[in-house]
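Architecture at a glance
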Amino acid sequence: MGFAVMSLSDAAAGRVKAIVENAGGEAEGIRVGIKKGGCAGMEYAIDLVSTANPKDDLVEHQGAKVWVAPEAVLYLLGTRMDFEVTTLRSGFTFNNPNQTSACGCGESVELKPADLAALAAKGDAVVRAG
């Protein structure tokens, strides 16, 4: 069984599939990455994927395909991607354990690389308990 970099909620998977369907026949899914920007220093970047990059990690849920850029993996480990619709906005949200802060408007975040030693220890505990 492989390890997924991040997970998708049912709502996120549904939105990804809708985006792909509305994009026409060439899109296969979306790509999530991290870029510098905003007042907190980093922003999540989402782009359509028509041809998968073999270096990207693939996350699939309910037929939705999300590729994770290699340079973003350490910042996204353990993240849960969701999609929400509120009175004021709709969009993808990221419940990211590596986020240390966010700007007031919620458009940019401060991220730290995942603690691989802590993840490994957590994985060992699960293996020993099972």
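Because the structure is predicted, anything quoted here is derived from the model rather than measured. (Residues numbered from 1 in each chain as written. Predicted model: local features only at pLDDT ≥ 70, side-chain atom pairs only at ≥ 80, totals over all residues. Heavy atoms only, no water.)

1. Here we look at the pairing of strand β6 (residues 79-85)
Each regular strand displays side chains that alternate between the two surfaces of the sheet. Of the strand pairs in this sheet, strand β1 (residues 6-8) and β6 are connected by 3 bridges, and their pairing is parallel. Paired with Met6 across the bridge in β6 is Thr79. One ladder, built from 6 bridges, connects β6 with strand β7 (residues 90-95); its direction is antiparallel. Across the sheet, the residue bridging to Glu84 is Gly91, located in β7. Once β6 ends, the chain turns through 4 residues before running back antiparallel as β7. (Pairing = 2+ DSSP bridges. Helix = DSSP H or I, 4+ residues; strand = E, 2+ residues; numbered from the N terminus.)

2. Remarks on the confidence of the model for the protein chain
Predicted confidence across the protein chain gives a mean pLDDT of 83, with 77% of residues reaching 70 or more. Element-level mean pLDDT values for the protein chain span from 54 in helix α3 (residues 116-129) up to 97 in strand β5 (residues 64-68). In the model, residues 124-130 has pLDDT below 50 throughout and makes 0 contacts with residues more than four positions away in sequence or in other chains. (pLDDT = per-residue confidence, 0-100. Contact = heavy atoms within 4.5 Å.)

3. Some details on the environment of Met42
As for its placement among the helices and strands, Met42 is situated in strand β3 (residues 41-49). Remark: the alpha-carbon pair of Met42 and Leu111, spanning 69 residues in sequence, is separated by 7.2 Å.

4. Topic: the pattern of salt bridges
In total, this model carries 3 salt bridges according to the counting rule given. For Asp56, the salt bridge goes to Arg31, with nearest N and O atoms at 2.7 Å. Of the two residues, Asp56 is situated in the loop between β3 and β4 (57-61) and Arg31 in strand β2 (residues 29-37); the sequence distance between them amounts to 25 residues. Relative accessible area serves as the criterion here: at 10%, Asp56 is assigned to the buried category. (Salt bridge = Lys/Arg side-chain N within 4 Å of Asp/Glu carboxyl O. Buried < 20%, exposed > 50% of the residue type's maximum accessible area, 1.4 Å probe, protein only.)

5. Remarks on the nonpolar core
Counting 28 residues, the largest nonpolar core has Met6, Val32, Val68, Leu76, Met81 and Phe92 as its most contacted members. Where this core is concerned, the elements lending two or more residues are β1, α1 (10-23), β2, β3, β5, α2 (73-76), β6 and β7. If you tally residues by element for this core, the top one is α1, at 4 residues. With near-sequence residues (within four places) excluded, Phe92 lies in contact with Ala12, Arg15, Val16, Ile19, Ile30, Ile46, Met81, Asp82 and Phe83. (Core = buried A, V, L, I, M, F, W, Y, C linked by side-chain atoms within 4.5 Å.)

6. Considerations on the sheet that holds β7
What the 3 strands build is an open sheet, ordered β1-β6-β7; its pairing is mixed. In this open sheet, the two strands that pair with only one neighbour each are β1 and β7. Strand-to-strand twist in this sheet, taken as the mean axis angle between neighbours without regard to direction, amounts to 25 degrees. The sheet strands contacting α1 are β1, β6 and β7, and the helix crosses β6 at an angle near 70 degrees. (Axes fitted to C-alpha atoms, helices over the stretch in contact; angles between N-to-C directions.)

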